[in-house]
Amino acid sequence: MTESAGTKTEDCHAANGVKPGRNGMVKNHHHHLQYQKQEKVYHAACNGELYSRPFIESFEETPMLVAVLTYMGYGILTIFGYLRDFMREWKIEKCHIAREREEQKDFVPLYQDFENFYTRNLYMRIRDSWNRPICSVPGAKFDLVERSSNDYNWTFEYTGRVVKDVINLGSYNYLGFAENTGSCATAAGEVTVKFGVGVASTRQEMGNLDRHEKLEKLVASFLRVESAMAFGMGFATNSMNIPALAGKGCLILSDELNHASLVLGARLSGSTIRVFKHNNMQSLEKLLRDAIVHGQPRTHRPWKKILILVEGIYSMEGSIIRLPEVIALKKKYKAYLYLDEAHSIGALGPGGRGVVEYFGLDPRDVDIMMGTFTKSFGAAGGYIGGRKDLIDYLRTHSHSAVYASSMSAPVVEQIITSMKCIMGEDGTTIGRSRIQRLAENTVYFRRRLREMGFIIYGNNDSPVVPMMLYMPAKIGAFGREMLKRNIGVVVVGFPATPIIESRARFCISAAHSKEMLDRALDVISEVGDLLQLKYSRHKVLPSLDRPFDETTYEENEE
Amino acid sequence: MNVGVAHSEVNPNTRVMNSRGIWLTYALGVGMLHIVLLSIPFFSVPVVWTLTNVIHNFGMYVFMHAVKGTPFETPDQGKARLLTHWEQLDYGVQFTSSRKFFTISPIILYFLASFYTKYDTAHFVINTASLLSVLIPKLPQLHGVRIFGINKY
């Protein structure tokens, strides 16, 4: 039973309006529904006809002073980089980099010296913030191996000690299934005894087990599609299957912030690739219309097929795809839609079925449903779901199915057990309550960070929470200061992000308790004051704390 | 700063000059250089303007037209290795906003330097030669062209 359009419109308008609070106080709300490069954030009404719930996201623009200081920071680092290179060349400073041997001076060089400039002069100074070895399961808390460096991070030494009980805000452990105890671990252990740890063959040959078939049926019923197929590697699900779907004479429309696996798959397919602005439906529609009007270059014949590549949740931006609008455009222009739910499966929707369920849409409107098991299910690999003829085609044409070894049996069992838990087929409400807790933790964490004055990107319901750091020196400083206070975070900078948008990326998990989140928020506020990270110019008044209710969409509902 | 991991932008160099605030930072940088040179005694105002113009153009020549490739590894299998930074800008598309800005800015600086040197012949020759050294490589006709093999490999 669908709601009337009037009700939807009313919901959307209420989300944008200003209502008196419970005690009569009028809260100052900012809903930034559209990100425009050329303008500051502004209000835009969402289309009530397409959306069944408010779509609230924020992308506050970089303050100009911060941008200028960030460029100056990179400029200074570059100058010092050249100075260091000069000192290494003249033996003033010890050289740790790989060098050409003197006898091979006149040969073609083996090393591209300039391509290493960034790594040896900028990244090396702060690389202790990345690739830290851990020595426990990455759940809500984990243990880190302590290491030290005597030569400014060129080499590390283990001290033999362990940093214990670090709050984990860096793992994609959305539903908390990264566990070494419980029913999932037990089932995986039993299957390991029975089937072993690997199959050493492909799905097309000896590597097909009945557990794989059972998993694929379960995935299809979970996604509510006709058929599904599982792959042993998540990245390869995109990069090896898009070449099987599109080829010469096809057009691929790719979001500008798509993951490298999608980009690689699009490139390997040999199709023409055009990029639209991130989550910008006007940009996508313009490309679709131009593609149909003008056809292929030079010959102007129609494209064989047009494939739109989008992701459910963008892992660096925290934004959620505007799927109702994408589906409307796909139907209008008769294109195909490839939806990568690597992060959103399990993390969105009341039943954890991803962004399609989150918006209340029909799974059959999405032609190719892709996702991974590496995040919410605590396993590895990916899947593609869709119509039976599509999946049957992929079984014989997918590069992964023909050449890659199939998924390991304990991994299959971990997925089966966690998916049944999410669907409630194990007879408990553990899965449902985890999904609920993830949504509650997400909204709470984002609201508190915004109230503190940090610039947070992304959709309000996205468990990926990018927090802007901007300046290169603060990337390493933030990571180190947080670890000093026993919180593990992921920091990201240029060239993985735009040059003025370095950030810390928090990943919320259902395994986090409110005490853990409060502890983390207190520490983030403390470090934020220490490093002056509270850049936001849109102060949000603290709202009255109330329990999260799944049916409550308006922030200021009485 | 995850060097070497999956990333959707093939060459981040293409977008740096389009970021918010880069033009302002560039203008402030040139202004700061000029103020620093003005602070040096023994240098008269015309000499300072000529020095500002020459140093700015030399820096622009080095960083935009002499240095090739990227300071980080890119997943394009070395395609950008033989391109100067100017040729990597905006995926090689000509007449974009950034290209127009960086083409016009040395001309404006040249006008200012000529004015403040009172069109002295010696300063004029130096400033004009310096301007041409950064203007000629920016011409669309010379995209990817290496005259006499200059900076070819």
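Residues numbered from 1 in each chain as written. Chains lettered and ligands numbered in written order. Predicted model: local features only at pLDDT ≥ 70, side-chain atom pairs only at ≥ 80, totals over all residues. Heavy atoms only, no water.

K.L.:
Help me understand the overall build of chain B, please; the structure alone is not making it clear to me.
P.N.:
Helix and strand content of chain B: 6 helices and 0 strands. Mapped from its N terminus to its C terminus, chain B presents α and β elements in the order α-α-α-α-α-α. Taking all contacts inside chain B whose residues are at least 6 apart in sequence as the whole, residues at least 24 apart take part in 67%. Carbon and sulfur atoms form 73% of the exposed surface of chain B, whose accessible area is close to 8300 Å². (Helix = DSSP H or I, 4+ residues; strand = E, 2+ residues; numbered from the N terminus. Contact = heavy atoms within 4.5 Å. Areas by Shrake-Rupley, 256 points an atom, 1.4 Å probe, with all protein chains shown as cover.)

K.L.:
Could you clarify how one ought to interpret the UniProt feature "transmembrane region" (unreviewed entry) in chain A in this entry?
P.N.:
On the UniProt side, "transmembrane region" (unreviewed entry) is annotated at positions that read residues 64-83 of chain A here. Here residues 64-83 of chain A runs as 100% helix and 0% strand, with 29 Å between its end C-alpha atoms. (UniProt positions renumbered as here; feature names shortened; annotations may be inferred.)

K.L.:
So what exactly am I meant to see when it comes to the nonpolar core here?
P.N.:
General note: in soluble globular proteins, nonpolar side chains tend to be found buried as a group. All names here are of chain A. Leu449, Phe478 and Phe506 are the most contacted members of the largest nonpolar core, which has 128 residues in total. Per-element accounting of this core gives the leading share, 8 residues, to helix H17 (residues 514-531). In contact with phenylalanine 506, other than residues within four places in its own chain, are Leu169, Phe445, Leu449, Pro463, Val464, Val465, Met467, Phe478, Val489 and Ile524. Grouped together as the second largest cluster of nonpolar side chains are 20 residues, Met229, Phe231, Leu245 and Leu309 included. (Core = buried A, V, L, I, M, F, W, Y, C linked by side-chain atoms within 4.5 Å. Buried < 20%, exposed > 50% of the residue type's maximum accessible area, 1.4 Å probe, protein only.)

K.L.:
I'm lost on the side chain of glutamate 317 of chain A in this one. Help?
P.N.:
Residues and elements named next belong to chain A. Among the secondary structure elements, glutamate 317 is positioned in the loop between strand E7 (306-311) and helix H10 (323-333). Since its relative accessible area comes to 9%, glutamate 317 is described here as buried. Setting aside residues up to four positions removed in sequence, glutamate 317 forms contacts with Phe59, Leu257, His278, Tyr457, Gly458, Pro466, Glu501 and Arg503.

K.L.:
Could you clarify how one ought to interpret unusual backbone geometry in this entry?
P.N.:
Glycine aside, the phi torsion of most residues is negative, and most peptide linkages are trans. Residue and element names in this part refer to chain A. Although it is not a glycine, asparagine 131 adopts a positive phi angle of roughly 55°. With respect to the helices, strands and loops of the structure, asparagine 131 is situated in the loop between helix H3 (117-123) and strand E2 (141-148). The exposed category is assigned to asparagine 131, whose relative accessible area is 64%. In the Ramachandran plot, histidine 300 falls in the positive-phi region, its phi being about 60° despite a non-glycine side chain. Residue position: histidine 300 is located in the loop between helix H9 (281-294) and E7. On the accessibility criterion, histidine 300 (54% relative accessible area) is exposed.

K.L.:
Whenever I open this one, the pairing of strand E4 (residues 227-231) of chain A confuses me. Can you help?
P.N.:
Both faces of the sheet carry side chains from a regular strand, because those side chains alternate between them. Residue and element names in this part refer to chain A. Burial of E4 is extensive: 5 of the 5 residues sit out of reach of the surface. Alternating residues of E4 divide into Ser227, Met229 and Phe231 and Ala228 and Ala230, and every residue in both groups is buried. By the bridge criterion, 5 bridges tie E4 to strand E10 (residues 382-386) in an arrangement that is antiparallel. Paired with serine 227 across the two strands is glycine 386, which belongs to E10. (Pairing = 2+ DSSP bridges.)

K.L.:
Teacher, can you tell me more about a positive patch on the surface here?
P.N.:
Residues and elements named next belong to chain A. On the surface, Lys248, Arg298, Arg301, Lys304 and Lys305 cluster together into a positively charged patch. Mapping arginine 301 onto the fold places it in the loop between H9 and E7. Assessed through its relative accessible area of 56%, arginine 301 is described here as exposed. (Patch = residues over 30% accessible without salt bridge, like charges linked within 9 Å, V, L, I, M, F, W, Y side chains within 5 Å. Salt bridge = Lys/Arg side-chain N within 4 Å of Asp/Glu carboxyl O. Lys, Arg positive; Asp, Glu negative; His and termini not counted. Charge placed at Lys NZ, Arg CZ, Asp CG, Glu CD.)

K.L.:
It is not clear to me how the sheet that holds strand E12 (residues 464-470) of chain A should be interpreted in this structure. Could you clarify?
P.N.:
Sheets are built from strands paired through backbone hydrogen bonds, the pairs being either parallel or antiparallel. Residue and element names in this part refer to chain A. With respect to topology, 3 strands assemble into an open sheet ordered E12-E15-E14, the strand pairing being antiparallel. Every interior strand has two partners, whereas the edge strands, E12 and strand E14 (490-492), have only one. Direction aside, neighbouring strands of the sheet carry axes that sit 25° apart on average. Here E14 runs beside strand E15 (residues 502-507); their pairing, made up of 3 bridges, is antiparallel. In the sheet register, valine 491 faces E15, and the bridge partner there is alanine 504. Docked against the sheet, helix H15 (residues 430-452) engages E12 and E15, running at close to 20° with respect to E12. (Axes fitted to C-alpha atoms, helices over the stretch in contact; angles between N-to-C directions.)

K.L.:
Explain the environment of valine 527 of chain A to me, please; I cannot follow it from the model alone.
P.N.:
Residues and elements named next belong to chain A. In this structure, valine 527 sits in helix H17. Relative accessible area serves as the criterion here: at 0%, valine 527 is assigned to the buried category. Along the sequence, valine 527 and glutamate 481 sit 46 residues apart, while their C-alpha atoms lie 6.8 Å from each other. Not counting the four nearest positions on each side in its chain, valine 527 is found in contact with Phe478, Glu481, Met482, Arg485 and Leu533.

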